[in-house]
Amino acid sequence: MDRFSAVSTPIVVEQPRPPQGDPDLLLDVRDLRTYFHVMDGVVKAVDGIDFSIKRGKTLGIVGESGCGKSVTSLSIMRLLDMPPAENPTGEIWFAGRDLLSLSDHEMRKVRGSEIAMIFQEPMTSLNPVFTVGDQISEAVMQHLDVSGREARDKAIESLRVVGINNPERRVKQYPHELSGGMRQRVMIAMALSCDPKLLIADEPTTALDVTIQAQILELMRKVQDDFDMTLMLITHDLGVVAETVDDVVVMYGGRVVEQGPVDDVLLRPKHPYTEGLLASIPSNGRRGERLNVIKGTVPNPFNMPTGCNFTPRCPFRFEPCPKHDPRVDDPGGPPVACWLWKPAPGTSGPAPRVREGASTASGTQTASGEA
Amino acid sequence: MSLDQPSGTQPRRGLTQKSPEDAPVRESGGARGPAPDGGPSYPAAGLPTDGQSDGGAAGAVGQRSQPAERRDIDGGKPLISVEELATYYPIYGGFLRRKIGDVKAVDNVSFEVFPGEVFGLVGESGCGKSTLGRTLLRLQPATAGRATIDGEDIFTKRGKDLKRLRRRVQIIFQDPVGSLNPRMPVNDIIGEGLLAQSDRENGWGRRKVRDERVADYLDAVGLRRDYARRYPHEFSGGQRQRIGIARALALDPDFIVCDEPVSALDVSIQSQILNLLMDIRAQFNLTYLFIAHNLSVVQYISDRVGVMYLGKLVELAPVDTLYADPRHPYTVALLSAVPEPDPRRRKKRIVLKGDLPSPAAPPSGCRFHTRCWLREELGNPEKCTTDDPEFRIIASGHRVACHYAEEISEERVTKAAATVTLQADLDEDV
């Protein structure tokens, strides 16, 4: 039996977008799909997502492990291992070009010089047998027409920019001689060395302690201002999101469930998943109170639920949820992929919100679905 | 039955035997919970109720069984008492690999944990908080100092006494993958401890008895009884952590060291595990030493919190006091660095400069002086670099190791937050 045949009916929406992308948008991702073919079947790691980033702004992509946020960034950079990954489909407009239609050679020029990326674990992204100076210079020489000496000067300069004392000495050091926070600074220095337009930071502070995280977040804010850079921040930490980004995209099971300005999404979450996620964070004033939890676990990637894939865990599910897949850009409602907020196919308007087993309603649900 | 009784004479309690009569009763100032005249006792424990099976133990949204109530700090006899504890790791090197120094992972730490409370221990990686927990369980030999459980010395126990101690103190590890043997089915993982502790009285040497008990505890942590035959790789991260909890619980301990039990989990799973830990604490009369680096989690779960920096406790206070009125400049900076998921509460951070100094060669005087913002504000007083501050009491139940704890004020904090240092390393050459 083909267990992947149960396909929900996506609602096709014609978006009147200019083909070259809005000039205000540095990155415009449309209907991106990245599938992996593995022995047990197909994993739809990214399953039709749309989002965009305005020039000079910071976009946060949040979600739990396995929601597809890292695969999204790797798809944009075209750094996926193929196979098992399939060629991503859809469009990724970056500064007037569709990255998915570029040749490998053209893409190599974009990577590093126009879009740079920093990863979660700096130790695994730095080569242990080369000095940090060599590694930064390598990136510089790859993209800029400079001599070895100039590249080294550039490396020293960029280490200075990220707040490393005595960079002339540091360039001669190996990654293992540096602390975790320092390594992450080296990664940022490397990313900045070619003056990229877009910086993708994939969980840049997850492996760091909170005081070092504060240093790195402060640093990223500063370099973004100084270099007039656009930033795409991927994280699972809603606290980091609240403090650093302008707009936020919430992902669940390979899809975008909600997006909007950060204040809207975090203060007035619309999607039951976002709401549940916020309510499950232990924070000030929750002492003694039971934490609200999202029941169950993330669905099996080989066997995603039909319709909205949050349905099995959703306390507000009703008839259309398992049948039709909502999308953030459905007409008739706010940018949230939920039938509570927009008319489902065959219905006249958004449904009233009724929690399953209504007695379990909790006081932490601040957002309401009066609509 | 009072707690002064040596543990050896205490009858071991089974899962279903726990009842209010069995619960330890303290002279005064008990755990949180309703305190009927004199000594507070725990509500009746029982097997998990409906809605707590099949991974949903924490899934049911309900009220915590006991209302949160601050315990009296100085009341009652401590369950665990730690005095001037030190744990050093030797460094070997040089000619003939001789010992050339020590990493002072835990250095002169004293505190008490009272029965029924959750004692939170926070600090950054490398501050010695895990070493401290492991030392208390005799998983790591102590270099100096004393620790007692119910008045009995932990570090001098040997043979049968040590074995009995092992049963009273258990640990839940951070990494739910690394802490479960991939070649063992769950009933062997949980049953291993039971087998080691089996005797004629409890009958755990018999497979049938053991398996029954394993299933009971799987039930208690919200897993299905028949999961006992499965292997760790068949479970998700949250479920694995539940197995780790069941393993600790099965031996019926009094004291559990939770070493970063939720750090490896996603937010939605983390809250399930936190709820479970609070449920079983009430159900099995447990006392926790809760080690974590996540300050929000510690605030949520703890009654009292100790903050560690480079092997030393720098501040210790009831949780509300610590979070509302921190008195050590490190605690202030640590708390200001926590990103809040609420955009309305965006705050000014105090960004500490530099990295944690090496615990092998800690700074002189106050260990925090190299990164201290308060010292800078006060014009770098000499005292900080020369005198190791005493861990002094500044208010009831509030201890802090800073010469200038009284100098911390709103204005100074605001001022320090405004001067952002983006420098990575400290001025002196490393």
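Refer to the structure above for everything that follows.
Quick caveat, the model's predicted, so the values are computed rather than measured.

Participant: So what exactly am I meant to see when it comes to the overall build of chain A here?
Facilitator: Helices and strands together make up the secondary structure of chain A, namely eleven helices and twelve strands. Residues counted as buried form 51% of the 371 residues belonging to chain A. Looking at chain A alone, contacts between residues at least 24 apart form 63% of all its contacts between residues at least 6 apart.

Participant: Please clarify how the overall build of chain B should be interpreted in this entry.
Facilitator: Across its full length, chain B holds twelve helices and twelve strands. Across the 430 residues of chain B, 49% fall into the buried class. Taking all contacts inside chain B whose residues are at least 6 apart in sequence as the whole, residues at least 24 apart take part in 68%.

Participant: Would you explain the pairing of strand S4 (residues 144-149) of chain B in this entry?
Facilitator: All names here are of chain B. Both strand S1 (residues 80-93) and S4 contribute to a ladder of five bridges, which runs antiparallel. Each residue of the ladder has a partner; that of serine 81, found in S4, is threonine 148. Pairing of S4 with strand S5 (residues 152-153) involves two bridges; the strand directions are antiparallel. Of the residues in S5, the one forming a bridge with threonine 148 is aspartate 153. In textbook terms, the turn of a hairpin is the stretch between consecutive antiparallel strands, and for S4 and S5 this stretch comprises two residues, one of which, aspartate 150, has a positive phi near 50 degrees.

Participant: Sorry if this is basic, but what is going on with the nonpolar core here?
Facilitator: Most often, soluble globular proteins keep nonpolar side chains buried together rather than apart. Among the nonpolar cores identified, the biggest contains 212 residues, and Ile188 of chain A together with Ala246 and Phe290 of chain B are the most heavily contacted of them. With residues near it in sequence (within four places) discarded, alanine 246 of chain B still touches Ile190, Tyr217, Leu218, Ala220 and Val221 of chain B.

Participant: Would you take a moment to explain the packing of helix H4 (residues 132-143) of chain A against helix H7 (residues 180-192) of chain A for this structure?
Facilitator: Packed helices, taken two at a time, are described by the angle between their axes plus the distance between the axes. All names here are of chain A. With their axes 9 Å apart at the nearest point, H4 and H7 run at an angle of 25 degrees to one another. Our classification of the angle between H4 and H7 gives roughly parallel. Once H4 is placed against H7, the crossing between them reads as right-handed. For the pair formed by H4 and H7, the contact residues are Val132, Gln135, Ile136 and Ala139 on the first element and Val186, Ala189 and Met190 on the second. Residue classes in the contact of H4 with H7 are distributed as six nonpolar, one polar and no charged.

Participant: How do you make sense of the pairing of strand S4 (residues 58-62) of chain A when you look at a structure like this?
Facilitator: As a general feature of sheets, a regular strand has side chains that alternate between the two faces. Residue and element names in this part refer to chain A. Within S4, five of the five residues are buried, which leaves it mostly tucked inside the rest of the structure. Burial along S4 is two-sided: Thr58, Gly60 and Val62 facing one way and Leu59 and Ile61 facing the other are all buried. When S4 meets strand S10 (residues 247-252), the two strands line up parallel, connected through four bridges. Directly across from leucine 59, in S10, lies its bridge partner aspartate 247.

Participant: Before we go on, may I ask you to explain the packing of helix H5 (residues 237-250) of chain B against helix H6 (residues 267-283) of chain B in this structure?
Facilitator: Residues and elements named next belong to chain B. Contact geometry for H5 and H6: axes closest at 10 Å, N-to-C directions at 15 degrees. By the angle between their directions, the pair H5 and H6 is classed as roughly parallel. The element H5 and its partner H6 pack so that their crossing is right-handed. For the pair H5 and H6, contact is made by Gly237, Gly238, Gln241, Arg242, Ile245 and Leu249 and by Ile269, Gln272, Ile273, Leu276 and Ile280, respectively. Tallied by class, residues from the contact of H5 with H6 come to six nonpolar, four polar and one charged.

Participant: I'm lost on the sheet that holds strand S2 (residues 25-38) of chain A in this one. Help?
Facilitator: The strands that make up a sheet pair up through hydrogen bonds in the backbone, lying either parallel or antiparallel. Residue and element names in this part refer to chain A. Strand order in the open sheet formed by four strands is S3-S2-S5-S6, and the pairing between neighbours is antiparallel. If you trace the sheet from one side to the other, it starts and ends with strand S3 (41-54) and strand S6 (97-98), each paired once. Pairing of S2 with strand S5 (residues 89-94) involves five bridges; the strand directions are antiparallel. Of the residues in S5, the one forming a bridge with arginine 30 is glutamate 91. Docked against the sheet, helix H1 (residues 69-77) engages S2, S3 and S5, running at close to 75 degrees with respect to S3.

Participant: It is not clear to me how the sheet that holds strand S11 (residues 255-261) of chain A should be interpreted in this structure. Could you clarify?
Facilitator: All names here are of chain A. Reading across from one edge, S7-S8-S9-S4-S10-S11 is the order of the six strands in this open sheet, with mixed pairing throughout. Strand pairing shows two members of the sheet lacking a second neighbour, strand S7 (115-118) and S11, which therefore form its edges. Across the sheet, the axes of successive neighbouring strands diverge by a mean angle of 15 degrees, strand direction being ignored. Relative to the sheet, H1 contacts S4, S7, strand S8 (198-202), strand S9 (230-235) and S10, its axis offset from that of S8 by approximately 145 degrees. Running over the sheet, H7 touches S7 and S8 and is turned about 175 degrees from S7.

Parameters and conventions
- Per chain, residue numbering runs from 1 following the sequence as it is written.
- Both sets of labels track the order of writing: A upward for chains, 1 upward for ligands.
- Totals for whole chains, interfaces and linings use every residue, but because this is a predicted model, local features are given only for residues with pLDDT of at least 70 and side-chain atom pairs only at 80 or more, for both listing and counting.
- Secondary structure elements follow DSSP: runs of H or I of four or more residues count as helices, runs of E of two or more count as strands, with numbering from the N terminus.
- Around each residue's C-beta, the other C-beta atoms within 10 Å are counted; 20 or more make the residue buried, 12 or fewer make it exposed, and counts in between make it partly exposed. All C-beta atoms are placed from the backbone.
- Residue pairs qualify as contacts under a 7 Å threshold applied to their C-beta atoms, which are placed from the backbone.
- Strand pairing requires that DSSP identify at least two bridges connecting the strands.
- Any set of buried Ala, Val, Leu, Ile, Met, Phe, Trp, Tyr and Cys residues joined through C-beta atoms within 7 Å is what this text calls a nonpolar core.
- For helices, the axis comes from a line fit to the C-alpha atoms of the stretch in contact; other axes are also lines fit to C-alpha atoms, and the angle between any two N-to-C directions lies between 0 and 180 degrees.
- An angle below 35 degrees is read as roughly parallel, one above 145 as roughly antiparallel, one from 65 to 115 as roughly perpendicular, and any other as oblique.
- Two helices crossing with the near one rotated counterclockwise from the far one by less than a right angle form a left-handed crossing, whereas a clockwise rotation gives a right-handed crossing.
- Residue polarity follows a fixed list, in which Ala, Val, Leu, Ile, Met, Phe, Trp, Tyr, Cys and Pro are nonpolar, Asp, Glu, Lys and Arg are charged, and the others, Gly among them, are polar.

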